[in-house]
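Report on the structure
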Amino acid sequence: MASQDHTLNCLLPLLIIIIISSSHVLPVSPTSSNKLESAIPIRKLNRRGTYIGLVTVIETEEDAFLRSVDFRPDPTRPFLDLSGRRFRIGKIHEKKVVYVRCGRGMVNAAAVTQQMIDVFNVKGIVHFGIAGNMNNSMSIGDVSIPKQITNAGLWDWLNPNKAKEGEDAASLDIGSYNIPQGDGNNELGSLKYGNEQLYSVTGHINSPQNVFWINTTQEWLHLAAGLEKMELSQCVNSSLCLPKKPKLVVGLKAATANIFVDNAAYRNFLHETFGVSSSDMESSAVAMTCASNGYPIIVIRGLSDLAGVGGANTVHKFGSLAATNTAKAVLEFIKKLPLS
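Just so it is clear, the model here is predicted, and its values are computed rather than measured.

Structural notes on the pattern of salt bridges
This structure, assessed with the given rule, holds 10 salt bridges. Taking the shortest distance from any N to any O, the salt bridge between Glu 94 and Arg 72 comes out at 2.6 Å. On the criterion of sequence distance, the pair formed by Glu 94 in the loop between strand S4 (85-92) and strand S5 (95-101) and Arg 72 in strand S2 (residues 71-73) is long-range, its members being 22 residues apart. For Arg 72, a relative accessible area of 40% gives the class partly exposed. Between Arg 301 and Glu 282 there is a salt bridge, with the nearest N and O atoms lying 3.0 Å from each other. Taken together, the positions of Arg 301 in strand S20 (residues 297-306) and Glu 282 in the loop between strand S19 (278-280) and helix H7 (283-293) put the pair 19 residues apart, joining distant regions of the chain. Judged by its relative accessible area of 2%, Arg 301 falls in the buried class. Residue class for Glu 282 comes out buried when judged on its relative accessible area of 3%.

A look at the state of the cysteines
One pass over the structure, following the stated rule, counts 1 disulfide. Note that Cys 235 is cross-linked by a disulfide to Cys 241, the S-S spacing being 1.8 Å. Negative torsions about the S-S bond denote left-handed disulfides, and the value of about 105° found for Cys 235 with Cys 241 makes this one right-handed. By relative accessible area, which is 35% here, Cys 235 ends up partly exposed.

Section: helix H6 (residues 264-274)
Taken residue by residue, H6 has Tyr 266, Arg 267, Phe 269, Leu 270 and Phe 274 as its buried positions. The buried residues of H6 occupy an angular sector of 160° when the element is viewed end-on, so they sit on one face. For H6, the N-terminal capping position is held by Asn 263, with its side-chain oxygen 3.1 Å away from the main-chain nitrogen of Ala 265. Just beyond H6, the residue with positive phi is Gly 275, at close to 70°.

Remarks on the confidence of the model for the protein
Confidence along the protein averages 88 in pLDDT terms, with 86% of residues attaining 70 or more. Between residues 14-30, whose pLDDT stays under 50, and residues either more than four places distant or in other chains, the model counts 0 contacts.

Some remarks on the side chain of Arg 301
One polar contact links Arg 301 to His 127, side chain to side chain, over a distance of 2.8 Å. Looking at Arg 301, its side chain comes within polar contact range of the main-chain oxygen of Ile 130, at 2.5 Å.

Definitions and cut-offs
- Residues numbered from 1 in each chain as written.
- Predicted model: local features only at pLDDT ≥ 70, side-chain atom pairs only at ≥ 80, totals over all residues.
- Heavy atoms only, no water.
- Salt bridge = Lys/Arg side-chain N within 4 Å of Asp/Glu carboxyl O.
- Helix = DSSP H or I, 4+ residues; strand = E, 2+ residues; numbered from the N terminus.
- Buried < 20%, exposed > 50% of the residue type's maximum accessible area, 1.4 Å probe, protein only.
- Disulfide = S-S within 2.5 Å.
- Arc of directions from axis to C-beta.
- Polar contact = N/O pair within 3.5 Å; in protein donor to acceptor, adjacent residues only side chain to side chain.
- pLDDT = per-residue confidence, 0-100.
- Contact = heavy atoms within 4.5 Å.

What follows is the structure, given as structure tokens:
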């Protein structure tokens, strides 16, 4: 009897540890349950055929898009909530679409694009939103549909007088922007722009291709070329209008980085060095993800400000107009896509 009591006394602490450990594990199970719950409607949605994936960024862009009468939510399954985001299901011009707002920055953009490709039966991605203008021949309210996008945030930050070696695209010598020019030493040195590493389903396993530009899909660009004469909005309201009618341009270049560019000198550097006409914080991440997975991609961006002039005030003033013109272009582009 004493032996049995001793055994129970030894086992009791172990049982307590097991019970406590189990209580810590339990909160994980609802996540698995949520995955199972969402798997059934996802299968049902995907059985209906292919969808066009739509990815935007912030609420201003979402408001302009959802105000459109052309977007008709699905009557039986208007949305699906995944990973803290709402994926909206519906139709535009009788084409099935899945729409989501990803949030600012390249990580959000890449994560959402990959999730949309993995979860939904999409034929390609239309990425849209507002952007900063880098090109003096473009204006606030204009819409750009670029043919190429670069990640302008991949830098080697060098010491002053460090030799710029290798095959990188370009470098920015910060000291050359001293005022007066060339006066004194600038310890910030220079930035050397690097390439992305593109892992692709069409490439060799674990052998990425070094790329500076990510191309958008040529066939979709040809379709978009027919939008260049479309009518865009000129006024935010009856008392706030742009001085001239906005235009849509297909085939320019764009830059992306996790940076809001509000500096005229850097704007000029980007345009003169790389020929980019717009700058945002998501497009190259979406395009890179699509290229990696072998999916068509088009990017449609409305210009909300001239970088370095007006800053956030200009975005606040004309951001809704740029978003409205972008949404109009998205809807017209979808109209041109063939029914699947």
